[in-house]
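# A look at the structure
These are the residues of each chain, in order.
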Amino acid sequence: MLSPLPSAKAMVPFVSVENMMRLVHRLGVETVLAELADAIEADFRRWESFDKTPRIASHSRDGVIELMPTSDGNIYSFKYVNGHPLNVVEGRQTVTAFGLLADVTSGYPVLLTEMTLLTALRTAATSAMAARHLAPREARTLTLIGNGAQAEFQALAMKAVCGIETVRLYDIDPRATEKVAANLAGFGLRCVPCASTQEAVEGAQIITTCTADKQFATILTDNMIGAGVHINAIGGDCPGKTELHPDILLRSDIFVEYAPQTRIEGEIQQMPADFPVTELWQVLAGTAPGRRRPEQITLFDGVGFAIEDFSALRYVRDRLAGTGLYQELDLIADPDDPRDLFGMLQRAKP
């Protein structure tokens, strides 16, 4: 059930970017990441309750605009999100988003919120939730290849959920690595800047790739991947965008969110349509194995799925109660007589 938020008739709570930042600081970023991981896992465990469809994408030369809808029969949600890698050249975010929750019974929206920050938080929380079940239990070292906007969130989520202590950093732009190391100072993580991908993966039990270029890239090659590691591949998230050499996929047990979407957008777009994968919810439900042996290479081919946004939106609504960190928007027409919408229009007549 949705938590109650005080609202006048037909007014919709709205969480701005400023209020989202205030909410995260009030709760603590690591607390939010850990609680989001738990919320997402809880919804994945009831996977079969949800409507599921690959996201609705409009691709262009420069990027993509997507809608990501789902419903559990009681609550409906959607997210609007873009991905435009070249935006950074003009000082813009490569990813922006907003989202909405609605009551299925009435169809009325009950929450509208920014989701640029929230998407970064839920993406990192999903990575850590997957690693909790797939990575070696003794994992204490994380490699982050690609030190852009998602990097700090990934590092802190892995710390909060999996107990990571050391982060090895590499980016083709050294300034990005310096940015991550500076931002993570004071969070209790040891940051190790590296001069190459090969150096960065040395000694790591979890390797996260989160680069932004929209192209078939080879960020990791087969010779870089030793036995027993967990790979968290989250940068390949649209058609024509990958990060791993196909030989790595052949050696790995691959776990995905929703196979019909990941076959279009994930690393496995490089493989035949019947290439075997396991949906992560099956591991959580106990119907499929996750990590079974020390030498196993596990790969989470994460592209983001609507149920994660559903979980994040519901989490924010629950955490908003009593904070006052939202505005009320006059978003829904509210005629005195539901049949007299034109009469309501006349209220504003000069």
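Structure's up top.
What comes next is a walk through the structure. Values in this document were obtained by computation on a predicted structure and should not be read as measured data. (Residues numbered from 1 in each chain as written. Predicted model: local features only at pLDDT ≥ 70, side-chain atom pairs only at ≥ 80, totals over all residues. Heavy atoms only, no water.)

## Considering the overall build of the protein chain
Within the protein chain, the secondary structure is distributed over 11 helices and 17 strands. The buried share among the 350 residues of the protein chain stands at 53%. Taking the intrachain contacts of the protein chain between residues at least 6 apart in sequence as the baseline, contacts between residues at least 24 apart amount to 72%. A total of about 15600 Å² of accessible surface is found on the protein chain, and carbon and sulfur atoms cover 54% of it. For the protein chain, the distance from the average site of its 32 positive side-chain charges to the average site of its 44 negative ones is 3 Å. (Helix = DSSP H or I, 4+ residues; strand = E, 2+ residues; numbered from the N terminus. Buried < 20%, exposed > 50% of the residue type's maximum accessible area, 1.4 Å probe, protein only. Contact = heavy atoms within 4.5 Å. Areas by Shrake-Rupley, 256 points an atom, 1.4 Å probe, with all protein chains shown as cover. Lys, Arg positive; Asp, Glu negative; His and termini not counted. Charge placed at Lys NZ, Arg CZ, Asp CG, Glu CD.)

## Some remarks on the pairing of strand S12 (residues 230–233)
Moving residue by residue along a regular strand, the side chains alternate between the two faces of the sheet. Burial of S12 is two-sided: the residues His-230 and Asn-232 facing one way and the residues Ile-231 and Ala-233 facing the other way are all buried. Sheet topology note: the strand S10 (residues 206–209)/S12 ladder contains four bridges and is parallel. Across the sheet, the residue bridging to Thr-208 is Asn-232, located in S12. (Pairing = 2+ DSSP bridges.)

## Considerations on the nonpolar core
Counting residues in hydrophobic clusters, the biggest one holds 70 residues, and the most contacted among them are Phe-44, Val-316 and Leu-320. The leading source of residues in this core is helix H3 (residues 116–134), at 10 residues. Ignoring any residue separated from it by four or fewer positions in sequence, one finds Leu-320 in contact with Leu-5, Val-15, Leu-23, Leu-111, Leu-325 and Tyr-326. Formed by 27 residues, the second largest nonpolar core is a distinct cluster that contains Ala-217, Leu-220, Ile-254 and Phe-275. (Core = buried A, V, L, I, M, F, W, Y, C linked by side-chain atoms within 4.5 Å.)

## A closer look at the side chain of Gln-150
Note that Gln-150 resides in the loop between strand S7 (141–145) and helix H4 (151–162). A polar contact is formed between the side chain of Gln-150 and the backbone nitrogen of Ala-124, at a distance of 3.4 Å. Ignoring anything within four residues of it in the chain, the contact list for Gln-150 reads Ala-120, Thr-123, Ala-124 and Ile-234. (Polar contact = N/O pair within 3.5 Å; in protein donor to acceptor, adjacent residues only side chain to side chain.)

## Thoughts on the packing of aromatic side chains
In total, this model carries eight aromatic pairs according to the counting rule given. Measuring from ring centre to ring centre gives 5.0 Å for Phe-44 and Trp-47, while their planes differ by 65°; the resulting arrangement is edge-to-face. Judged by its relative accessible area of 2%, Trp-47 falls in the buried class. Between the aromatic rings of Phe-50 and Phe-310, the centroid separation amounts to 4.9 Å while the plane-to-plane angle is 85°, which identifies the pairing as edge-to-face. Here Phe-50, found in the loop between helix H2 (29–44) and strand S2 (56–59), pairs with Phe-310, found in helix H10 (residues 306–320); they are 260 residues apart in sequence, far enough to count as distant. (Phe/Tyr/Trp six-rings, centres within 6.5 Å; stacked < 30°, edge-to-face > 60°.)

## Considering the packing of H2 against H4
Where H2 meets H4, the closest approach of the two axes is 9 Å, and the angle between their N-to-C directions is 70°. The orientation of H2 with respect to H4, classified from their angle, is roughly perpendicular. Residue-level contacts link Val-29, Glu-30, Leu-33, Ala-34 and Ala-37 of H2 to Phe-153, Leu-156, Ala-157, Lys-159, Ala-160 and Val-161 of H4. (Axes fitted to C-alpha atoms, helices over the stretch in contact; angles between N-to-C directions. Parallel < 35°, antiparallel > 145°, perpendicular 65-115°, else oblique.)

## Examining the sheet that holds S12
The sheet built from eight strands is open, its strands ordered S9-S8-S7-S10-S12-S16-S14-S15 with parallel pairing. Since the sheet does not close on itself, it has two edges, and those belong to strand S9 (190–193) and strand S15 (278–279), each with one partner. Of the pairings in the sheet, the one linking strand S14 (residues 253–256) to S15 comprises two bridges and is parallel in character. Each bridged residue has a counterpart across the sheet, and for Phe-255 the counterpart in S15 is Thr-278. H4 contacts S7, strand S8 (166–170), S10 and S12 of the sheet and is inclined by roughly 165° relative to S7. The sheet contacts of helix H5 (residues 174–184) involve S8 and S9, and relative to S8 the element is tilted by about 155°.

## Let's talk about the pattern of salt bridges
Pairs can form between side chains of opposite charge once their charged atoms are near each other. Tallied over the full model, the rule gives 24 salt bridges. Its salt-bridge partner being Asp-309, residue Arg-122 comes within 2.7 Å of it at the nearest N-O pair. In this pair, Arg-122 sits in helix H3 while Asp-309 sits in helix H10, placing the two residues 187 residues apart along the sequence. Given a relative accessible area of 3%, Arg-122 falls into the buried group. A relative accessible area of 1% means that Asp-309 is categorised as buried. A network of salt bridges, in which partner residues are shared, links Asp-38, Glu-41, Arg-45 and Arg-132. (Salt bridge = Lys/Arg side-chain N within 4 Å of Asp/Glu carboxyl O.)

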